[in-house]
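What follows is the residue order along each chain.
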Amino acid sequence: MFNKRMRIKELLASESTNYETTVMGWVRTFRNNQFIALNDGSTNHNIQIVAALGKFEEDLLKRITTGACIKATGEVIPSLGKGQRVELKAISIEILGDSDAEKFPLQPKKHSLEFLREIAHLRFRTNTFGAIFRVRHTLAFAVHKFFNDKGFVYLHTPIITASDAEGAGETFRVTTLPIDGSAPKNEDGSINFKEDFFGRSTNLTVSGQLEGELAAMAFSDIYTFGPTFRAENSNTARHLAEFWMIEPEMAFYDLEDNANLAEAFIKFIIGYALEHNKEDLEFLAQRLAEEEKALPQDKRSELGLMEKLDFVVNNDFERVTYTEAIDILRESNHNKKKKFQYLIDKWGIDLQSEHERYLVEKHFKKPVILTNYPAEIKAFYMRQNDGCEPGRQTVAAMDILAPGIGEIVGGSQREERLDKLEQRMKEMNIPTEDLWWYLDTRKFGACPHAGFGLGFERLVQFVTGMGNIRDVIPFPRYPKTAEF
Ligand code: ATP
Ligand code: MN
C-alpha cells in the first residue's frame, strides 16, 4: 500500500509532537538547501520540512525544486520558526516527480489572474486557486445538503435535448452529420435532420427546468444541479458558455414560497462555507482587500468580503416589485443626471445590469428580490398575474440580485392553467406540438408550482469575491477558448 500519509491540514492541526509520520505533496519553495515548504492541497498552509544540513545527498537536494512532487517521512517536532506550530524533521525524502525549475511556469511570486488562466492546468497549485476551488467544493456539497435535508429529490435532467423551448439563449448544436457540406438535404435545401443521430435536430441543454417540472408533478420537490450550455457571444465577467446551474422545482409553491426558499437556500450555503472554509475565505478576503487598494476610494467595496458574507447571512433580502423598482430608478439622481447608459423612461423596459447594480449597491445596499416583471420581457411559462392594469400585464417572476454580481437567481411561479399557457405559447410562437409532454402535466393533475435557477458560478464568484467568472470554474469555456 502506497497511500500511507498524513494530510498536511491534519498534521498542522495536530496537538501532539514527537511522533513519526509521512507527508506527500508539491514543493512550493526550498530555502537555504534546508527548508522545504510542502503543500498537498488540503489547506493553503504549507508544512515546513527540515532537511538537516549534511544529512542528504547533494544529488537529491538538487531535485527538490519548486513544483516537484516529494514524499517525506520524519519526526513531527515543535517549530522553532515563526508562523507554524509544528514542522517535520526529515528522516527520508523521496522524489516522486521531478520538476525542471527552469521550465516550471509557476514561480514563487505573484502572477496575474490572466496569466494563470493560460496555465489553468497548473493554477490549482497557487494559494488563490487552492482557496477558490476548496470553497467551490464546499458550496457544491452544501447545495446537496440543503436540499437533501429538506427531502428534495436530486434529478438528473438530460444534457442533450431537442428543444430550446425556453428561449433562454443561443444553443450549441449536437449532431453526427458531416459538416463538409455533404449532409443529407431536404428538397428545400435545408439539412435533413431525420438522417441525424437522434432523427431530429438536437442541442445541448440551456436549462433543465421544463423536465424538472415534470418530476415535481410526482415527487413534489426536486432539484437539479448540472451543466448548462449557452452559446452567447457575450464576453463578460459574468457569462460562461458552459456553467453549472441549480434548479429546484416545487409543487404547491407560490411566488412568495419560492422567494422564501431561494433566500433560505442562499443564506444556508454561504453560512455553510463560512463555517467550513473560514481559513480559505479569510485568505480570499485579504486578496480582495489588497486588489482593491489599487482602486480609487469610491470604487472600493464598503464591506470586506467576510463582513459582506456575514451581512447576507444575517439580514433579510429586500423584496421589491418591478413597478416599484422602475419608480425608484426613474426618480433617482443617477437617472436625472443621465448617468445610466440606458435611461429609465417608461414602464415595461428590461433592466440592464447597470440598473440592477444601482438598486443593489447604491439604493438598498443588500441583496434584492425583484418580483412581478412585465410579461413581455419574461418567458412563456411564467404565471400570469390576475387583475393587472390594462397594458401592464405582469408575471409571477422573481430575480435575485446580489451586490457586485447582478442577477444570481432567476425564477417564477409557473403557469399551471392550460388555456393561459397555450395562449401565451401561441403569442410567443412557441411550438405547442414539440412540448406536448410539458402541456400534458397541465392536463393530468396540474397544481400551483414554482422554481428557480441559480447560476452556481455566480454564487461562487459572490462568495469568493472574484471579479471574473472565468476564475471560479476550473476550466472556463467562453468565446474562442476551450483549452484544456
Ligand atoms: P443574465 O441576464 O445574467 O444573462 P439570464 O436571464 O440569461 O441571466 P436565466 O436564464 O434566468 O439567466 O438563468 C438562470 C441563472 O443562471 C441566472 O440567474 C444566472 O445566475 C445564471 N446564468 C445565466 N447565464 C449564465 C452564463 N452565461 N454564465 C454563467 N451563469 C449564467
Ligand atoms: Mn442571459
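Anyway, here's the lowdown on the structure attached to this text.

1. Examining the site of ligand 1
Now for step 1: Close to ligand 1 lie 15 residues; Glu232, His239, Leu240, Glu407 and Ile408 are nearest.
Now for step 2: Contact between ligand 1 and arginine 230: an oxygen atom at 3.0 Å from a side-chain N or O atom of the residue.
Now for step 3: Arginine 458 is positioned such that a nitrogen or oxygen atom in its side chain is 3.0 Å from an oxygen atom of ligand 1.
Now for step 4: Breaking the shell around ligand 1 down by element, the ones donating at least two residues are strand S11 (242-251), strand S15 (406-413) and strand S16 (449-455).
Now for step 5: Tallied by class, residues from the shell around ligand 1 come to 6 nonpolar, 4 polar and 5 charged.

2. Some details on the environment of glycine 451
Now for step 1: By the secondary structure assignment, glycine 451 is in strand S16.
Now for step 2: We classify glycine 451 as buried; its relative accessible area is 0%.
Now for step 3: Considering only alpha carbons, one finds glycine 451 and asparagine 33, 418 residues apart in sequence, at a separation of 59 Å.
Now for step 4: Glycine 451 has contacts with Pro248, Glu249, Met250, Asn258, Gly411, Ser412 and Arg414, leaving out every residue within four places of it along the chain.

3. With respect to the sheet that holds S11
Now for step 1: Strands sit in the order S6-S10-S11-S16-S15-S14-S13-S12 across an open sheet of 8 strands; the sheet is mixed. Sheet topology places strand S6 (153-154) and strand S12 (318-321) at the edges, where each strand pairs with a single neighbour.
Now for step 2: With respect to the sheet, helix H9 (residues 322-331) is in contact with S12 and strand S13 (368-374), its orientation differing from that of S12 by roughly 90°.

4. Focus: helix H12 (residues 418-427)
Now for step 1: When H12 is considered as a whole, its buried residues turn out to be Leu421, Arg424 and Met425. The arc that holds every buried residue of H12, seen down its axis, measures 100°, which confines them to one face. Of the exposed residues in H12, those oriented more than 90 degrees away from the buried face are Asp419 and Lys426.
Now for step 2: Buried residues along H12 sit against helix H13 (436-440).
Now for step 3: Positive backbone phi, approximately 55°, marks asparagine 429, located one or two places after H12.

5. Re the pattern of salt bridges
Now for step 1: Evaluation of the coordinates by the stated rule reveals 30 salt bridges.
Now for step 2: Notably, a salt bridge pairs arginine 424 with glutamate 427, separated by 2.6 Å at the nearest N-O pair. With arginine 424 and glutamate 427 both in helix H12, this residue pair falls 3 residues apart, about one helical turn.
Now for step 3: On the basis of relative accessibility, which here comes to 9%, the residue arginine 424 falls in the buried class.
Now for step 4: Look at glutamate 427 and you get partly exposed, because its relative accessible area is 46%.

Rules behind the numbers
- Residues numbered from 1 in each chain as written.
- Chains lettered and ligands numbered in written order.
- Predicted model: local features only at pLDDT ≥ 70, side-chain atom pairs only at ≥ 80, totals over all residues.
- Heavy atoms only, no water.
- Near = heavy atom within 4 Å.
- Polar contact = N/O pair within 3.5 Å; in protein donor to acceptor, adjacent residues only side chain to side chain.
- Helix = DSSP H or I, 4+ residues; strand = E, 2+ residues; numbered from the N terminus.
- Nonpolar A, V, L, I, M, F, W, Y, C, P; charged D, E, K, R; others polar.
- Buried < 20%, exposed > 50% of the residue type's maximum accessible area, 1.4 Å probe, protein only.
- Contact = heavy atoms within 4.5 Å.
- Pairing = 2+ DSSP bridges.
- Axes fitted to C-alpha atoms, helices over the stretch in contact; angles between N-to-C directions.
- Arc of directions from axis to C-beta.
- Salt bridge = Lys/Arg side-chain N within 4 Å of Asp/Glu carboxyl O.

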